[in-house]
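Single-letter residue listing:
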Amino acid sequence: MARDPVAVVGAGAWGTALANAAALAGRKVVLWTRDPEHARLLSETRTNARFLPGVPLAPGMTVTAALGDLAAARLVLLVVPAQAVREVAAALTPVIAPGTPVVVCAKGIERGSGRFMTEVVAEVMPAALPAVLSGPSFAGDVARGLPTAVVLAAADEALAAELAAALSSPTFRIYHGGDPRGVEIGGAAKNVLAIACGIVMGRRLGESARAALVARGFAELTRFARAWGGRPETLMGLSGLGDLVLTCGSPKSRNFAFGDALGRGVPAAEAAGGRLAEGALTAAALVAMARARGVEMPVAEAVDAVLSGALTVGEAIDSLLHRPIRAEA
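Residues numbered from 1 in each chain as written. Predicted model: local features only at pLDDT ≥ 70, side-chain atom pairs only at ≥ 80, totals over all residues. Heavy atoms only, no water.

**Structural notes on the overall build of the protein**
Here is the rule we go by: Elements are defined by DSSP. Helices are runs of H or I of four residues or more, strands are runs of E of two residues or more, and each kind is numbered from the N terminus. With C-alpha atoms as the basis for the radius of gyration, the globule rule is written as 2.2 Å multiplied by the number of residues raised to the power 0.38. Here the term buried applies to any residue with accessible area under 20% of the maximum for its type, exposed to any over 50%, and partly exposed to those in between, with areas from a 1.4 Å probe on protein chains only. Residues count as neighbours in contact if any of their non-hydrogen atoms are within 4.5 Å of one another. Using a 1.4 Å probe, the Shrake-Rupley method yields the accessible areas, and only the shown protein chains count as cover for residues.
Counting its regular elements, the protein contains 15 helices and ten strands. In terms of overall size, the protein behaves like a compact globule, its C-alpha atoms giving a radius of gyration of 19 Å where 329 residues would be expected to give roughly 20 Å. Each principal axis of the C-alpha distribution contributes one length, and for the protein these read about 60 × 40 × 35 Å. Across the 329 residues in the protein, those meeting the buried criterion constitute 54%. Within the protein, residue pairs in contact and separated by at least 24 positions form 69% of the contacts whose partners lie at least 6 positions apart. As displayed, the protein offers around 13700 Å² of accessible surface, 58% of which is attributable to carbon and sulfur atoms.

**A look at the UniProt feature "domain: Glycerol-3-phosphate dehydrogenase NAD-dependent C-terminal" (unreviewed entry) in the protein**
Rules: UniProt positions are given in the numbering used here, feature names are shortened, and annotations may be inferred rather than shown by experiment.
As annotated by UniProt and renumbered to match this structure, "domain: Glycerol-3-phosphate dehydrogenase NAD-dependent C-terminal" (unreviewed entry) occupies residues 179-317. Note that residues 179-317 is 74% helix and 0% strand, and that its end C-alpha atoms are spaced 34 Å apart.

**Notes on the side chain of Asp-179**
Rules: Lys and Arg are tallied as positive, Asp and Glu as negative. Neither His nor the chain termini are counted. Each reported salt bridge corresponds to a side-chain nitrogen of Lys or Arg within 4 Å of a carboxyl oxygen of Asp or Glu. Side-chain atoms alone can form a polar contact between residues adjacent in sequence; in general such a contact is a pair of N or O atoms within 3.5 Å, and within protein one must be able to donate a hydrogen while the other accepts it.
Relative to the helices and strands, Asp-179 resides in the loop between strand 10 (172-177) and helix 7 (180-202). With no salt bridge to any partner, buried Asp-179 finds its closest opposite charge in Arg-231, at an N-O distance of 4.5 Å. A distance of 3.1 Å separates a polar atom in the side chain of Asp-179 from the backbone nitrogen of Gly-182.

**Thoughts on the pairing of strand 6 (residues 75-78)**
Heads up, the condition is: Two strands are said to pair when DSSP picks up at least two bridges between them.
The alternating pattern of strand 6 places Leu-75 and Leu-77 and Val-76 and Leu-78 on opposite faces, both of which are buried. In this structure, strand 1 (residues 6-9) lies alongside strand 6, joined through four bridges in parallel fashion. Bridge pairing in strand 6 places Ala-7 opposite Val-76.

**Section: helix 3 (residues 85-92)**
Count 3.6 residues to each turn of an α-helix, and residues three or four apart come out pointing the same way. Rules: In this context, the arc is that of the directions from the helix axis out to the C-beta atoms.
Of the positions making up helix 3, those classed as buried are Val-85, Val-88, Ala-89 and Leu-92. The arc enclosing the buried residues of helix 3, seen along the axis, measures out at 100 degrees, which places them on a common side. Elements that come into contact with the buried residues of helix 3 comprise strand 1, strand 6 and helix 4 (117-124).

**Here we look at the environment of Ala-65**
Residue position: Ala-65 is located in the loop between strand 5 (62-64) and strand 6. Overall, Ala-65 belongs to the partly exposed group, its relative accessible area being 27%. Taking the C-alpha atoms as reference points, Ala-65 and Leu-31, 34 residues apart in sequence, are found 8.5 Å from one another. Ala-65 has contacts with Trp-32, Thr-33, Arg-34, Asp-35, Pro-36 and Ala-39, leaving out every residue within four places of it along the chain.

**Things to note about the UniProt feature "binding site: sn-glycerol 3-phosphate" (unreviewed entry) in the protein**
As annotated in UniProt, the feature "binding site: sn-glycerol 3-phosphate" (unreviewed entry) corresponds to Lys-107, Gly-135, Ser-137, Lys-190, Asp-243, Ser-253, Arg-254 and Asn-255 in the numbering used here. Position of Ser-137 among the secondary structure elements: in the loop between strand 8 (129-134) and helix 5 (139-143). Excluding residues within four positions of it along the chain, Ser-137 makes contact with Trp-14, Lys-107, Val-142, Thr-148, Val-150, Asp-243 and Leu-246. Examined against the element boundaries, Ser-253 turns out to sit in the loop between helix 10 (238-247) and helix 11 (254-263). Residue classification places Ser-253 among the buried positions, given a relative accessible area of 3%. The contact partners of Ser-253, leaving out residues within four places of it in the chain, are Phe-138, Ala-194 and Thr-247.

**So, helix 15 (residues 313-321)**
Taken residue by residue, helix 15 has Val-313, Gly-314, Ala-316 and Ile-317 as its buried positions. Each buried residue of helix 15 lies within a common arc of 165 degrees when the element is viewed along its axis, so the set occupies one face. Packing partners of the buried residues in helix 15 comprise helix 7, helix 11 and helix 14 (298-308).

**A word on the sheet that holds strand 9 (residues 148-153)**
Applicable threshold: Working convention: axes come from line fits to C-alpha atoms, limited for helices to the stretch in contact. Angles between N-to-C directions cover 0 to 180 degrees.
With respect to topology, eight strands assemble into an open sheet ordered 5-2-1-6-7-8-9-10, the strand pairing being mixed. Only two strands of the sheet have a single neighbouring strand rather than two, namely strand 5 and strand 10. In this sheet, adjacent strand axes meet at a mean angle of 25 degrees when their direction is disregarded. Two elements, strand 2 (residues 29-32) and strand 5, share three bridges in a ladder whose sense is parallel. Note that in strand 5 the partner of Leu-31 across the bridge is Val-63. Packing of helix 1 (residues 13-24) onto the sheet brings it into contact with strand 1, strand 2, strand 6, strand 8 and strand 10, and relative to strand 2 it is tilted by some 175 degrees. This element, helix 4, spans strand 6, strand 7 (101-104) and strand 8 of the sheet and lies at about 155 degrees to strand 8.

**So, the nonpolar core**
Where we set the bar: Nonpolar cores were defined as sets of buried Ala, Val, Leu, Ile, Met, Phe, Trp, Tyr and Cys residues, with membership established by side-chain atoms within 4.5 Å.
Residues Ile-109, Phe-224, Leu-262, Leu-286 and Met-297 are the most contacted members of the largest nonpolar core, which totals 44 residues. Mapped by element, the contributors of at least two residues to this core are helix 7, helix 8 (207-227), helix 11, helix 13 (278-292), helix 14 and helix 15. For this core, the leading source of residues is helix 7, giving eleven residues. Apart from residues lying up to four places away in sequence, Phe-224 is in contact with Phe-116, Ile-185, Leu-286, Met-289, Ala-290, Val-295 and Met-297. Core analysis: the second largest hydrophobic core is formed by 40 residues, Val-6, Ala-13, Ala-154 and Leu-163 among them.

Written out as structure tokens, the structure reads:
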């Protein structure tokens, strides 16, 4: 697999960053965008000014808007928003060879179906080999070659190890594992909790409150993962605790910034500032799935209530502060 071509599907900031990382690892990379004009600009300027300004594309990378150009790929990184994974995977199905690993790099849960991303890929692309990549990583850091560590998991851990070796470089270290469910739960749930932490900082409730929220949120995340078959040790790693620490403490996180705006009184419809905050689309599905299995997730429920308009930010905070005193668990 070391010399096989890699298709990166999605030319947003994260897709561009992963394409650069794969090229740095020595792979031949084809970067796909659905917009022909965007593909032309990327090819001509060799920079993604729209999503990742100031970062040049790696030499030798090919950019295309034609799905047929991905047919030779022996590894696919699916780097589109979580709610677009089903549509794009369906379009890829007649193009990608059977037995090709498809690594989902989106962090979310499909709305309506409540399916995790690897489940969506397995359903739409039954001949593919689903895997998931997640962990504490900002696109700008990865694209610029700053040291970053993430995790790649598949049901077949030997495959995960092979994929991790094929994509790793000295500055982009990929650990591997056999618990894709735990990895994708960590990535999806932490986005919702990052919104909560952003709200805390937007309301100027202090660093102590944020630290408490991270700790209690992590307990929620772990309970949810256990109920859905994720391994607790996975959540203690990069895709759970690591990603939670990063996104709950930096305004560079879109979800944190979205929550910060909510905390400052910006309406939910405007708080994202035109950028995608995956947690806002994941919250309702996460809460519904937790309730279906009797998992207590008060922080996630508070975020969902704010986003749905059921509670104001102030009411949601009061609901958390007035919960009964109990043993820590």
